[in-house]
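# Architecture and fold: a report
Next come the chains, spelled out residue by residue.
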There are 4 protein chains.
Amino acid sequence: MPVPAYNLYPDFNVLRLSHVEFKVKDLAASKKFYTDMIGLQVTDETDDRIYLRAMEERGHHCIVLQKADEAYAGALGFKVFAEEELDKAEAWFKERGKPTSWIERPYQGRTLLTEDCHGIPLEFYFKMERLPHIHQQYALYKGVKPLRIDHFNCFSPNVDESVAFYNEMGFRVTEYTEDEESKKLWAAWMHRKGGVHDMAFTNGLGPRLHHTAFWVPTPLDIINLLDLMSTSGYVANIERGPGRHGISNAFFLYILDPDGHRIEIYCSDYQTIDPDLEPIKWDLKDPQRQTLWGAPAPRSWFEHGSLFEGVEPRAAELNATPIIAP
Amino acid sequence: MPVPAYNLYPDFNVLRLSHVEFKVKDLAASKKFYTDMIGLQVTDETDDRIYLRAMEERGHHCIVLQKADEAYAGALGFKVFAEEELDKAEAWFKERGKPTSWIERPYQGRTLLTEDCHGIPLEFYFKMERLPHIHQQYALYKGVKPLRIDHFNCFSPNVDESVAFYNEMGFRVTEYTEDEESKKLWAAWMHRKGGVHDMAFTNGLGPRLHHTAFWVPTPLDIINLLDLMSTSGYVANIERGPGRHGISNAFFLYILDPDGHRIEIYCSDYQTIDPDLEPIKWDLKDPQRQTLWGAPAPRSWFEHGSLFEGVEPRAAELNATPIIAP
Amino acid sequence: MPVPAYNLYPDFNVLRLSHVEFKVKDLAASKKFYTDMIGLQVTDETDDRIYLRAMEERGHHCIVLQKADEAYAGALGFKVFAEEELDKAEAWFKERGKPTSWIERPYQGRTLLTEDCHGIPLEFYFKMERLPHIHQQYALYKGVKPLRIDHFNCFSPNVDESVAFYNEMGFRVTEYTEDEESKKLWAAWMHRKGGVHDMAFTNGLGPRLHHTAFWVPTPLDIINLLDLMSTSGYVANIERGPGRHGISNAFFLYILDPDGHRIEIYCSDYQTIDPDLEPIKWDLKDPQRQTLWGAPAPRSWFEHGSLFEGVEPRAAELNATPIIAP
Amino acid sequence: MPVPAYNLYPDFNVLRLSHVEFKVKDLAASKKFYTDMIGLQVTDETDDRIYLRAMEERGHHCIVLQKADEAYAGALGFKVFAEEELDKAEAWFKERGKPTSWIERPYQGRTLLTEDCHGIPLEFYFKMERLPHIHQQYALYKGVKPLRIDHFNCFSPNVDESVAFYNEMGFRVTEYTEDEESKKLWAAWMHRKGGVHDMAFTNGLGPRLHHTAFWVPTPLDIINLLDLMSTSGYVANIERGPGRHGISNAFFLYILDPDGHRIEIYCSDYQTIDPDLEPIKWDLKDPQRQTLWGAPAPRSWFEHGSLFEGVEPRAAELNATPIIAP
């Protein structure tokens, strides 16, 4: 059994994933995509940055778009349970020899910047400016009607190492894919907030950001988005789906933003708060693992990802091949 | 313009498509598929035949399963507007040199058997035993919750010829695909009952039955069917979809019954009763023609079909290739 | 049996309901309601008139808003099957002693104005300007995503008389409510185009227009409209629903426009094209007649309607009371 | 501000609501209701007890039906985070002078029975027999397709007292209704598991159980249930809905089981895990509080509830009246 036991009492308390910054080459094009197609709300806008939140969120931002010469993913942002958890986090990362620094982020309180075992930049904070709730201002709903950011998924050069690292931080594996030959992990889904995941890892050239996911109300909203994108000039940005994942049971769609940052539209996974929840194991060769309905993912889905700025990825150590669409 | 003008006053009045008989090798397996997955209701059952209807239908049958040594499609059944239309139909087919005969069909009144320009067996009737309505007996709903049979789609060795023949019968083209080089029809959708089609033709080895479609309430019922089939031993029977057709705008799924007879699950096309409705033209090379969202159909979808019993198909005359999934 | 037999071969061929003009007191307020909430598309706009169509329609207008000092309904518009049907219609109404005149209507060809047995103004035409299809321009979809106008419903002072009159015109009763004591009709649903109705009649002070209905894709679109209206200043315009009608099996919502013209949002009725379709009878005292789920309609629903301009209504002859919410 | 501050570090860690026992007079009738209409799965059945779970749950039961001479609600069951939390809970309740005992419950580990400030019987446990997951066995889905138990709602004779008591236990108020005159709480929603509530209180003769709620996938499943119940002999069991709550934003339906135990079918509330989430305040006189779409709840909804066995309710101290349907 390659999955470590759930660490019930971690050294510091990470509440949930929170936000990410995307470096984008054409700020106007990205704004159009994230507001008209995804349907995020602009909460602030400067010459080189746009802050966005989803309809149910009261924190100031879940996506920050920053104008840049090259497309990159910035640090993955996580909210902790209380101010003092930040200091515990700093100690924890220092103990593991990771660089830590306190950085300034607009609209956020004290923010710790550090990195994970493979160099993924991570950002922890407790306080973020709170905004009035717009959850029931239905006239504002657009695009796929995003309710909240749901999770990150990253390519990892060694998923076993990633899982061990995040498990120590208190992330718990809910589902995982094992390579039956090597008995090594090929992918794993790990949560803090009580869904299937806040963070997932997939075997591959890494670290890179595979995708960022948004939770939407129903599968019909995803179908509506497909109709909208395909008749508004975004048909080439549809990469995979719609479908039901075997893993997580979620209804999904994968699309690419104008810079190729991959966004998953996601709904209908399940509640995972029981401490004694048993992780579900999948075989890498099970076609229903990817898509319950049997359709394999396209090659691009296994190969393309966003680089983290300044982080050189390395090849995956595990050489195993999932089922790929021809 | 390769599409003939709508024949507003045809020689006889075909009301709508009505039913088809499938020859199946394992009657029990087929019954299970059509009642548990499709959700049709059994209206009669003998040792070698099962009669089925959809939830909204008051006629006795839309599908008849007949035990046989080989899988075939039987005659395509159409209901006419009145008893006397049958005699007009007989005259019309005789005039064109087609064989005609009056046959016995259980639960049907006078029934004319004949064939179209390429040999597709056709059956016309006016009276069929009427059954109590079960439309609002929601406890009976199963599977994909089929409301009514919607259309047939056939491979034709010469779509221009098929269209000309059915157009004379009063079927009107609502949408069509043209091969831009030869200016010949590659496919056409023709209706009588006021939707996009009762009958469609696709260029290919023919005549063969490409599929039979059922109308269902909403796209979510199709998603529910995918979940059900993929976890009930039918994952390999899912061929294509779900998706939105560019042509017809319908939300679709294609599945195969245990003998390979293809069934489309279909909803959300549009009303076509205006006599001055303009047909919509599509280019064979337009990827959104097949699927508005861009995904091409798999090769099997262009190649596989059901033979009509006793009818030898011949190769398509038009040699043109649509976009096919790799 | 109070329902006359279906007149299969009427003297002229009415195709379907088509449009209606509403006199409104505040053109800007009405425009906002019909474009933002209902989601109709403006096809022309002058100082005192706004023309609107639904997403699937290729004819120029289904609703015309006209600025006026008082709110009224104008003539109910119907499209006939061919130009020559208009002359047959003129003869038919003249024969019955009804006033007829040929009127000018922008964007329409020859248009016959006349009236029914109780004075409802009716307008028949064949040609209306055809517009490019926007059915698949999903970025234009707003509000409840209306696909097409579906039916009119009118208060009638004598439903038996209304039914006899329209039955002669070829409208066929699909469902009806009988007062069990008097054996008189309390309400009836009559179609031409193959759904449950193009025109319905309800016992009451009449003639008045009870409502005009729009067909929408799914029940979820109706739920979305409720969320939108109730948080955009239109909560008081929600009158009844959502619910499932026993009659017609349709999923419905009734709302009022700024002048009190009642609009039904409607989907999921059934196909009625079989000439031998048996009408369904309901008892006035059956609570599931109104709403399958049991909830009675509010009093306003039985009492409020739009006057036809210049037509004095008279009291209903049948004195019978349906179930009314307390 | 009548709502106490969130107690971030309570004396013991309650994970979530878990289960309840209903005393029912006709076990067969109740089984039929809970399996055919609600769609729960039987996990064990004896002569006088039936154990049920929802589709996503891996614990053995969320509802236990027990044959009895009178209909009552049993203890409300909660799962704690770890075995040792049970001992901390025992101490906590003893300190407050509440009776505590360790009881035997089939399929559960150590179980503490105690009561709240007004005498509601409460049951805490950590271990319950875990069952194989059936979340993706779609052929088992029936009725409204219940995914998991979501919350309890109780009448309280003094909501301020109830809120103070549970707040100390670590339940946090997410939304509340204040009587503007007395500045007292009329209702409050309190969560542990990260949704709008595990437990809610409503002013009224209490303590009594107002309802038990189940989470379902989408609003369409609720509409399907209405169609099913209203045509399967359960139309009189539909009490209120469907609708969107202003409070919680959830889509809801209230139905009564054969003994009058009220069940809410519920979906689409929001995530509440941020420690700094601001509670939302509603005015008792705001009609959109109850139902965003404006329809008031019927009188029965404010008056009817299930008695807890052996617990005498007393009148509410706050005398204030919400908007009630006439």
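Note that the coordinates shown come from a computational prediction; the quantities given were computed from them, not determined experimentally.

Thresholds, definitions, all that
- Residues numbered from 1 in each chain as written.
- Chains lettered and ligands numbered in written order.
- Predicted model: local features only at pLDDT ≥ 70, side-chain atom pairs only at ≥ 80, totals over all residues.
- Least-squares fit on C-alpha atoms with pLDDT ≥ 70 in both.
- Contact = placed C-beta atoms within 7 Å.
- Domains from an automatic or database assignment.
- Helix = DSSP H or I, 4+ residues; strand = E, 2+ residues; numbered from the N terminus.
- Buried ≥ 20, exposed ≤ 12 C-beta atoms within 10 Å, placed from the backbone.
- Pairing = 2+ DSSP bridges.
- pLDDT = per-residue confidence, 0-100.
- Nonpolar A, V, L, I, M, F, W, Y, C, P; charged D, E, K, R; others polar.
- Axes fitted to C-alpha atoms, helices over the stretch in contact; angles between N-to-C directions.
- Core = buried A, V, L, I, M, F, W, Y, C linked by C-beta atoms within 7 Å.
- Expected span 1.5 Å × (residues − 1).
- Parallel < 35°, antiparallel > 145°, perpendicular 65-115°, else oblique.
- Left-handed = near helix turned anticlockwise from the far one by under 90°.

### As for the relation of the copies chain A and chain D
Screw-axis analysis of chain A against chain D gives a translation of 0.0 Å along the axis, an RMSD of 0.0 Å, and a rotation angle of 180°. On the angle and the small slide along the axis, the relation comes out as a two-fold axis. Among all C-alpha atoms of chain A, that of A:T218 lies closest to the rotation axis, at 3.2 Å. The fraction of interface residues of chain A whose copies in chain D are also interface residues reaches 100%, indicating that both copies meet through the same surface.

### Some details on the domain arrangement of chain A
Residues and elements named next belong to chain A. Per the domain assignment, the segments of chain A are domain 1 (14-131) and domain 2 (143-307). Computed from C-alpha coordinates alone, the two centres of domain 1 and domain 2 are separated by 20 Å. Contacts between the two partners involve 32 residues from domain 1 and, on the opposite side, 38 residues from domain 2. When contributions to the side of domain 1 that touches domain 2 are tallied by element, the ones reaching two or more residues are β1 (14-24), α1 (27-37) and β5 (72-80).

### A word on the pairing of strand β14 (residues 238-244) of chain C
Residue and element names in this part refer to chain C. The buried count for β14 comes to 6 of 7 residues, which makes it a mostly enclosed element. Relative to strand β15 (residues 251-256), β14 is paired through 4 bridges, and the arrangement is antiparallel. Pairing of R240 across the sheet is with Y254, part of β15. The hairpin formed by β14 and β15 contains 6 residues between the paired strands, and S248 there has a positive phi angle of roughly 80°.

### Overview of the environment of D:E181
Its place among the elements puts D:E181 in the loop between β10 (172-179) and β11 (184-191). Sequence-wise, D:E181 and D:A68 are 113 residues apart; in three dimensions their C-alpha atoms are separated by 43 Å.

### A short note on the confidence of the model for chain A
Per-residue confidence for chain A gives a mean pLDDT of 97, with 100% of residues at or over 70. Reported for the predicted complex are a pTM of 0.98 and an ipTM of 0.97.

### Section: the interface of chain A and chain D
Taken together, the contacts link 25 residues of chain A with 26 residues of chain D. Looking at the side of chain A that touches chain D residue by residue, the classes come out as 10 nonpolar, 8 polar and 7 charged.

### Let's talk about the sheet that holds strand β1 (residues 14-24) of chain D
What links the strands of a sheet is backbone hydrogen bonding, and the strands pair in either a parallel or an antiparallel sense. Residue and element names in this part refer to chain D. The strand order β2-β3-β4-β1-β5-β8-β7-β6 describes an open sheet built from 8 strands, whose pairing is mixed. Both edges of this open sheet fall to β2 (41-45) and β6 (101-103), since each of them pairs with a single strand only. Neighbour-to-neighbour, the strand axes of the sheet open up by a mean angle of 30°, direction not taken into account. Pairing analysis gives 4 bridges linking strand β5 (residues 72-80) to strand β8 (residues 121-125), with the strands arranged parallel. Paired with K79 across the strands is Y125, a residue of β8. Its contacts with the sheet put helix α1 (residues 27-37) on β1, β2, β3 (49-53) and β4 (63-67), and the angle it makes with β4 is roughly 160°. Docked against the sheet, helix α2 (residues 83-95) engages β5, β7 (111-115) and β8, running at close to 20° with respect to β7.

### A few points about the nonpolar core
Core analysis: the biggest nonpolar cluster contains 373 residues, and A:A188, B:A188, C:A188 and D:A188 have the highest contact counts within it. Not counting chain neighbours up to four residues away, the residues in contact with B:A188 comprise B:V159, B:V163, B:V173, B:Y176, B:A200 and B:F201.

### Some words on helix α4 (residues 219-230) of chain C
Working note: α-helix, 3.6 residues per turn, so residues spaced by three or four point in the same direction. All names here are of chain C. Given a rise of 1.5 Å per residue, 12 residues ought to cover 16 Å, and the 17 Å separating the end C-alpha atoms of α4 matches this to within 8%. Along α4, 11 of the 12 residues are buried, which leaves the element largely enclosed by surrounding structure. Residues P219, L220, D221, I222, I223, N224, L225, L226, L228, M229 and S230 constitute the buried set of α4.

### Focus: the interface of chain D and chain C
Chain D puts 16 residues into the contact, and the matching count from chain C is 16 residues. Only α4 (219-230) and β14 (238-244) of chain D provide two or more residues apiece to the side of chain D that touches chain C. If you tally residues by element for the side of chain D that touches chain C, the top one is α4(D), at 6 residues. Here the side of chain D that touches chain C is composed, by residue class, of 10 nonpolar, 4 polar and 2 charged.

### Regarding the packing of α4(C) against α4(D)
Running from N to C, α4(C) and α4(D) point in directions that differ by 110°, and their axes come no closer than 10 Å. As the angle between them shows, α4(C) and α4(D) are arranged roughly perpendicular. Between α4(C) and α4(D) lies a crossing whose hand is right-handed. Contacts between α4(C) and α4(D) involve C:P219, C:L220 and C:I223 from the first element and D:P219, D:L220 and D:I223 from the second. Residues that form the contact of α4(C) with α4(D) fall into these classes: 6 nonpolar, no polar and no charged.

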